Amino acid sequence: MAVVEEEERLALAKVEIRPGAAETLNALRAQGVRTGVVTRNCEAAMRAVLVRIEHDFDVALSRSFEPCKPHPAPLLHILERVGASPKEAAMVGDSLDDMDCGNAAGTCTIAIGSKGDPIFERARPTSWACVESLPEILPLLGLGPLRTP
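So, how was this worked out
- Residues numbered from 1 in each chain as written.
- Predicted model: local features only at pLDDT ≥ 70, side-chain atom pairs only at ≥ 80, totals over all residues.
- Heavy atoms only, no water.
- Core = buried A, V, L, I, M, F, W, Y, C linked by side-chain atoms within 4.5 Å.
- Buried < 20%, exposed > 50% of the residue type's maximum accessible area, 1.4 Å probe, protein only.
- Helix = DSSP H or I, 4+ residues; strand = E, 2+ residues; numbered from the N terminus.
- Contact = heavy atoms within 4.5 Å.
- Salt bridge = Lys/Arg side-chain N within 4 Å of Asp/Glu carboxyl O.
- Pairing = 2+ DSSP bridges.
- Axes fitted to C-alpha atoms, helices over the stretch in contact; angles between N-to-C directions.

Participant: Hey, could you run me through the nonpolar core in this one?
Facilitator: Inside soluble globular proteins, nonpolar side chains tend to come together where they are buried. Formed by 19 residues in total, the largest nonpolar core has its most connected members in Leu28, Leu50, Ile53 and Phe57. If you list the elements that add at least two residues to this core, you get helix H2 (21-30), helix H3 (43-53), strand E4 (108-112), strand E5 (129-131) and helix H7 (137-140). For Ile53, the residues in contact, after removing those within four places along its chain, are Ile17, Ala22 and Leu25. In terms of nonpolar packing, the next biggest core, distinct from the first, is built from 5 residues, Val38, Val59, Leu61 and Ile78 among them.

This is how it looks when you write it as structure tokens:
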């Protein structure tokens, strides 16, 4: 497991935060939406990326939570912690495992990625909606962008 965790730490240097992430998460927070993260990365790698996102997620679960996705248990745990039902939630992700997790939990699922990307293309058929950027999820959820005075 140490080798896997070292590989994850090395891969962190290549991780790019999606454009619009901070703005979208701020808009969600301003409108009272609770947020969570489910990842199959180790705790250290997850924390390192979350710091770069600059958003205080209500709940963040690494692969140390078992069973991990695509099983719905981590998503259902987050929903319980934030006091939401699956019908009030959306799973936004870029992989088939994300869509399988959300679908099994009973949430709507939104795949994010670029057309032609093989990982995204595998996720698309099982998602409720597809977007290419994070701000696109706001109208899908019936929310507007964060407005500044």
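Here the narrative resumes, following the displayed structure.
Participant: Help me understand the environment of Pro70, please; the structure alone is not making it clear to me.
Facilitator: In this fold, Pro70 is placed in the loop between strand E2 (59-61) and helix H4 (73-82). Considered as a pair, Pro70 and Ala123 are 53 residues apart in the sequence and their alpha carbons are 12 Å apart. Not counting residues within four places of it along the chain, the set of residues in contact with Pro70 comprises Arg40, Asp97, Asp100 and Cys101.

Participant: Quick question: what am I supposed to make of helix H5 (residues 96-105) here?
Facilitator: What sets the pattern is the α-helix's 3.6 residues per turn: residues three or four places apart point alike. By the burial criterion, the buried members of H5 are Leu96, Asp98, Met99, Cys101, Gly102 and Ala105. Where H5 is buried, its residues touch H4, strand E3 (90-93), E4 and helix H6 (118-123). A positive backbone phi angle near 90° is found at Gly106, which sits one or two residues after H5.

Participant: Hey, could you run me through unusual backbone geometry in this one?
Facilitator: Residues other than glycine predominantly adopt negative phi, and peptide bonds predominantly adopt the trans conformation. Put simply, Glu66 and Pro67 share a cis peptide bond, and its omega is 0°. Considering the arrangement of structural elements, one finds Pro67 in the loop between E2 and H4. With an omega of 25°, the peptide bond between Lys69 and Pro70 qualifies as cis. Although it is not a glycine, Glu54 adopts a positive phi angle of roughly 60°. With respect to the helices, strands and loops of the structure, Glu54 is situated in the loop between H3 and E2. Residue class for Glu54 comes out exposed when judged on its relative accessible area of 64%.

Participant: Before we go on, may I ask you to explain the side chain of Ser62 in this structure?
Facilitator: Inspection of the secondary structure puts Ser62 in the loop between E2 and H4. With a relative accessible area of 3%, Ser62 lands in the buried category. When near neighbours in sequence (up to four residues on either side) are disregarded, Ser62 contacts Thr39, Asn41, Cys42, Glu43 and Met46.

Participant: Any chance you could explain the pattern of salt bridges here in plain terms?
Facilitator: As a working rule, side chains carrying opposite charge can pair if their charged atoms are close by. Considering all chains together, one arrives at 7 salt bridges under this definition. Here Lys69 and Asp98 are joined by a salt bridge, their closest N and O atoms 2.3 Å apart. With Lys69 in the loop between E2 and H4 and Asp98 in helix H5, this pair connects stretches of sequence that are 29 residues apart. By the burial criterion, Lys69 is buried, and Asp98 matches it.

Participant: Can you help me understand the sheet that holds E3 in this one?
Facilitator: The strands that make up a sheet are held in pairs by hydrogen bonds between backbone atoms, and each pair lies either parallel or antiparallel. One open sheet holds the 3 strands; their spatial order is E3-E4-E5, and the pairing between them is parallel. Only two strands of the sheet have a single neighbouring strand rather than two, namely E3 and E5. Direction aside, the axes of adjacent strands within the sheet are offset by 20° on average. Inspection of the sheet shows E4 paired to E5 by 3 bridges, in the parallel sense. Bridging from a neighbouring strand, Ala111 pairs with Cys130 of E5. Of the strands in this sheet, E3 and E4 are in contact with H5, which crosses E3 at around 175°.

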